[in-house]
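Here are the chains, one letter per residue:
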Amino acid sequence: MAFLGIGLMGDPMVRCLLRAGYSVTIWNRTHSKAQVLCAAGAQPAVSIAEAVSAADVVISMLEAGPIVAMVLQEALPALRAGTLWIDMSSTRQSEAQQLHATLHAAGHGFIDAPVSGGVGGAQAGKLAIMAGASSSDYARVEAILSAMGRPTLVGPPGSGQVAKLCNQLIVGGTLNIVAEALLLARAAGADAAAMRAAIRGGFAESKILEVHGQRMLERNFVAGGQVKSQIKDMHNILAAAEAAHVTLPVTQLVTQRYETLATTHPTADHAAALLALEALNPGQRLGIAPDKLS
């Protein structure tokens, strides 16, 4: 198989595939990022065409939909007949549907399979994988996807991106709510860390409260999921809502909060929602530790 895009997520995902015994040819626009995987058993390719020409399955993990479309156009003439392309990037539903149409017209298959779980989930092989595909295409690659995490078929092509957007809607909103809860506890005279410990295990428990609540207490904003990536997701959510003719007022507000944060900390972890909240509340700060931003 071929894997296109060796970034923060792509690198550990390829390592999972290699550990599962798959032969993987890799390509990345910055070749040095691909070269570091040689020791793990991957085969770097200089060009996209070289990477995909012998593959029956191609996986892309790229920054955004337009980049996926550009890479696909370059790869298309070199694809083997009946290649199945799995795009694991986060894109708009409409972009995924267009990728499917382009590949289908050329006699190839397509699955949109975005992921959730961050770098830690990728390293552990425990990503949540939301697949939009035909049942036959999904059956063909379910084992491959399972090497990287827990895949679920959620509907036809394009549906994976809808599921990912729903995931990011919840993540973005919950990050802001957890920040508000922690700052309120601190400002009102409670021990914010003790408050978090007290409510864990109740209805407020979540992965965000567990992982990012601790990051906020430690003021650790070294990027896992970046603010600029969260904003891209929020804009994609609002585009999907507009296409589906629904209004999402809380998501609109969360998007505004992240847009404010992006002017100062675009590459910080999205838990830096706390910093945007503190800027709204001069004199209020969670803890005394210095901010960790890199």
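Data block above holds the structure.
### Some points on the overall build of the chain
Okay, step 1: Secondary structure assignment for the chain yields 13 helices and nine strands.
Okay, step 2: By the compact-globule yardstick of 19 Å for 294 residues, the chain fits well, its C-alpha radius of gyration being 20 Å.
Okay, step 3: In terms of principal-axis extent, the alpha carbons of the chain reach across some 65 × 45 × 35 Å.
Okay, step 4: Residue burial in the chain is summarised as follows: out of 294 residues, 48% are buried.
Okay, step 5: Within the chain, contacts between residues separated by at least 24 positions form 65% of all contacts whose residues are at least 6 apart in sequence.

### Examining the nonpolar core
Okay, step 1: Membership of the largest hydrophobic core comes to 34 residues, with the highest contact counts inside it found for F3, M13, I59 and M88.
Okay, step 2: Elements that contribute at least two residues to this core include exactly α1 (10–19), β4 (57–60), β5 (84–87), β8 (127–132) and α7 (135–146).
Okay, step 3: The element that contributes the greatest number of residues to this core is α1, accounting for five residues.
Okay, step 4: Excluding anything up to four places from it in sequence, F3 contacts G10, M13, V14, L17, V24, T25, I26, W27, I59 and M61.
Okay, step 5: By size, the runner-up hydrophobic cluster in this structure holds 31 residues, among which are L165, L217, L274 and L275.

### Re the pattern of salt bridges
Okay, step 1: Across all of its chains, the model carries seven salt bridges by this definition.
Okay, step 2: Put simply, R15 and D11 hold a salt bridge, and the shortest N to O gap is 2.6 Å. One end of the pair is R15 and the other is D11, both in helix α1 and four residues apart, which spans about a single turn.
Okay, step 3: You can call D11 buried: its relative accessible area is 17%.
Okay, step 4: Connected via shared salt-bridge partners are R219, E278, R285 and D291.

### Quick word on the layout of surface pockets
It is the rolling of a water-molecule-sized probe over the atoms that shows where space remains empty.
Okay, step 1: Considered as a void within the structure, the second largest pocket measures approximately 190 Å³ in volume.
Okay, step 2: N176, E180, L253, V254 and R257 are the residues nearest the centre of the second largest pocket, which is lined by 13 residues in total.
Okay, step 3: Among the elements of the structure, α8 (159–187), α12 (249–262) and α13 (273–280) are those that each provide at least two residues to the lining of the second largest pocket.
Okay, step 4: At five residues, α8 tops the list of elements feeding residues into the lining of the second largest pocket.

### Remarks on helix α10 (residues 207–218)
The α-helix winds at 3.6 residues per turn, so residues separated by three or four positions along the chain end up facing the same way.
Okay, step 1: Over its twelve residues, α10 runs 16 Å from end to end, which matches the ideal 16 Å to within 8%, given 1.5 Å per residue.
Okay, step 2: Looking at α10, one finds that the buried residues are I208, L209, H212, G213, R215, M216 and L217.
Okay, step 3: Where α10 is buried, its residues meet α8, α9 (192–199) and α13.
Okay, step 4: Count one or two residues on from α10 and you reach R219, which has phi positive near 55°.

### So, the packing of α9 against α10
The description of two packed helices rests on the angle between their axes and on the distance between the axes.
Okay, step 1: α10 packs onto α9 with a crossing angle of 175° between their chain directions and a minimal axis gap of 11 Å. Relative to α10, the element α9 is oriented roughly antiparallel. Residues A192, A193, R196 and I199 of α9 form the contact with α10, whose own contacting residues are L209, E210, G213, Q214 and L217.
Okay, step 2: Residues belonging to the contact of α9 with α10 are distributed by class as follows: five nonpolar, two polar and two charged.

Rules used in this analysis
- Residues numbered from 1 in each chain as written.
- Predicted model: local features only at pLDDT ≥ 70, side-chain atom pairs only at ≥ 80, totals over all residues.
- Heavy atoms only, no water.
- Helix = DSSP H or I, 4+ residues; strand = E, 2+ residues; numbered from the N terminus.
- Rg over C-alpha atoms; globule rule 2.2 N^0.38 Å.
- Buried < 20%, exposed > 50% of the residue type's maximum accessible area, 1.4 Å probe, protein only.
- Contact = heavy atoms within 4.5 Å.
- Core = buried A, V, L, I, M, F, W, Y, C linked by side-chain atoms within 4.5 Å.
- Salt bridge = Lys/Arg side-chain N within 4 Å of Asp/Glu carboxyl O.
- 1 Å grid on protein atoms, 1.4 Å probe; cavity = no way out; pocket = protein on both sides within 12 Å on 5 of 7 lines; lining within 4 Å.
- Points joined across faces, edges and corners; volume = space filled by probe spheres on them.
- Expected span 1.5 Å × (residues − 1).
- Axes fitted to C-alpha atoms, helices over the stretch in contact; angles between N-to-C directions.
- Parallel < 35°, antiparallel > 145°, perpendicular 65-115°, else oblique.
- Nonpolar A, V, L, I, M, F, W, Y, C, P; charged D, E, K, R; others polar.

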